[in-house]
Every structure is written in structure tokens, then in C-alpha cells.
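Structure assessment
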Protein chains: 2
Amino acid sequence: MSSTNPAEYELDPDIASRLKTNADGLVPAIVQDADTNDVLMMAWMNDHALAHTLATKKGTYWSRSRQEYWIKGETSGHTQEVTSVRLDCDADTILVHVNQVGAACHTGTRTCFDADRIL
Amino acid sequence: MSSTNPAEYELDPDIASRLKTNADGLVPAIVQDADTNDVLMMAWMNDHALAHTLATKKGTYWSRSRQEYWIKGETSGHTQEVTSVRLDCDADTILVHVNQVGAACHTGTRTCFDADRIL
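Each value, and the rule that gives it
Residues numbered from 1 in each chain as written. Chains lettered and ligands numbered in written order. Predicted model: local features only at pLDDT ≥ 70, side-chain atom pairs only at ≥ 80, totals over all residues. Heavy atoms only, no water. Contact = heavy atoms within 4.5 Å. Buried area = accessible area lost by both parts, 1.4 Å probe. Salt bridge = Lys/Arg side-chain N within 4 Å of Asp/Glu carboxyl O. Polar contact = N/O pair within 3.5 Å; in protein donor to acceptor, adjacent residues only side chain to side chain. Helix = DSSP H or I, 4+ residues; strand = E, 2+ residues; numbered from the N terminus. Nonpolar A, V, L, I, M, F, W, Y, C, P; charged D, E, K, R; others polar. Pairing = 2+ DSSP bridges. Buried < 20%, exposed > 50% of the residue type's maximum accessible area, 1.4 Å probe, protein only. Axes fitted to C-alpha atoms, helices over the stretch in contact; angles between N-to-C directions.

Across the contact, 36 residues belong to chain B and 36 residues belong to chain A. Contact between chain B and chain A buries roughly 3100 Å² in total, counting both sides, with carbon and sulfur atoms accounting for 64%. Counting the surface chain B buries against chain A, the share from its top three residues, F113, I118 and L119 of chain B, is 24%. Taken together, the links from chain B to chain A amount to 4 salt bridges. With its nearest N and O atoms 2.4 Å apart, the salt bridge here joins R18 of chain B to D116 of chain A. Counting the contacts that link chain B with chain A gives 16 residue pairs in polar contact (both at pLDDT 80 or more). Looking at the side of chain B that touches chain A, the elements that each hand over two or more residues are α1 (13–18), β1 (27–33), β2 (39–45), α2 (47–56), β5 (80–87), β6 (94–100) and β7 (116–117) of chain B. Per-class residue counts for the side of chain B that touches chain A are 19 nonpolar, 8 polar and 9 charged. Pairing of strand β7 (residues 116–117) of chain A with β5 of chain B, which is carried by 2 bridges, proceeds in the antiparallel orientation. Counted as the bridge partner of D116 of chain A is L87 of chain B from β5 of chain B.

Structure representation (C-alpha cells):
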């Protein structure tokens, strides 16, 4: 498919039937660096964001604050090349491995978990 | 405090004022192996579960299905000794590093993400 609109990507029915979304149709996606295994960020996917991620290997999420699709790096250049996608045991969480270009966090730090250690 | 009831543990007011819980008072907690950096599981914490985790260094969660606190390993023996706790940039996700005893997943696999790779 040549569309660049995630909303036009349909999820494989077998995966869609297993995926357990929340009341808003969303699933948390944990994004992990494929090389270092550092957890870079957590974001949310709906069926179309996951379908777009699987088809294009570009980390694609649903922004709850902006209520729109968000292809990571499209504006910042800090893209994510997806190398694997896994569901957890009850299919309500997604684990995404990526080759991260530049900072994963919008604050400019490598990961979103670099700045605030409480233990 | 010597109580073994997480509900009796109060979160530091500075952390509580920053933590952004969802409508149910919960925050997703990503649990990562302190040695291998493997993501073991994702669970949910409320203020008391986080306070109990920080005070006892035992991974403590809120079970949405059972609607009760859940100190990991209390029945299975598969305990989690917490080595660090971090908040992400907007304080709505928690990253917990643990020394995991035995399987992290209730299915018996090392992690909850071992069985279902979709890419």
C-alpha cells in the first residue's frame, strides 16, 4: 500500500481478533532500543497504528493529547526503524524493538526515563 | 512501617503531586530485568502500590481483573527485588528495574513477551 495515512491501513484479522484494546481502542506500546535494550518510551497504538507499523516498519502511534496519528520522527527526524513487534501473554501490551535515530524523547534526552529517578 | 498491606503505604507528596494517573487512578509500570534489560511484563500501579514498592523494594501492583493489590511472587515465589524506579518525562509511566526470581510471566515463561512475535 502506498498511502502515508495510517488510518488507511487495516490490521490482519487474526491479530485484530486477539488484540485486547482498552475502552478507547488503544493498547500501550513499550518501545525498546534494539541494540542496547534500553526502554526508550511508552506510547499508544490503535489497530491502524499497529497495522501501519507492521507494514512500513516505521514506529507509528496514536497521540491521545493531539487525537491524531503520529509517525515517530516525521517532524523531528528522530525516526524509529522497527525490527520486531511482540504481544504479551494476554495481548493487551505491545513490545516494539527499534533502531532509534537521535533522541527518542521530545525533551531531547535519549530515553523518556533518563531524567527522573525516584529510587 | 511494618504493615504488609500496600493500602496503608502513603506516597511521598512530592511524587504524588507529579504522578499523572489515569481516570482509574492507575499508571502503567514497565518491569525490566536489571541484569539483561529484557522487558519482563507490564502491570499497573496506583499511589499505594508505588509507595509500597519504594518502601519495601518488592514489586507491587494493582490487579485490574481481581481489583486487589498484588505483591509479585507472594503466591508463586517468583519475587521481584526492585533495584530502581524511574518516571518518564511526563510522569505518566513508571519504569521498574528488578532482580527477577524464576519466571516473570504467570504462564511460566521468563517474560510475558516470549510467545507471540508478530513481526
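In this section: helix α2 (residues 47–56) of chain A. Residue and element names in this part refer to chain A. Here α2 has its buried residues at A49, L50, A51, H52, T53 and L54. The N-terminus of α2 is capped by N46, whose side-chain oxygen sits 3.2 Å from the backbone nitrogen of H48. Just past α2, the residue K57 takes up positive phi, approximately 60°.

On to the sheet that holds strand β6 (residues 94–100) of chain A, then. In sheet architecture, strand pairing relies on hydrogen bonds along the backbone and comes in two forms, parallel and antiparallel. Taken together, 5 strands build an open sheet; the order of strands is β2(A)-β1(A)-β6(A)-β5(A)-β7(B) and the sheet is mixed. Of all the strands in the sheet, just β2 (39–45) of chain A together with β7 of chain B have a single pairing partner and so form its edges. Summarising the sheet, strand β1 (residues 27–33) of chain A and β2 of chain A pair through 6 bridges and their orientation is antiparallel. Counted as the bridge partner of V31 of chain A is M41 of chain A from β2 of chain A. Contacts from α2 of chain A reach β2, β5 (80–87) and β6 of chain A within the one sheet, and its direction differs from that of β5 of chain A by about 120°.

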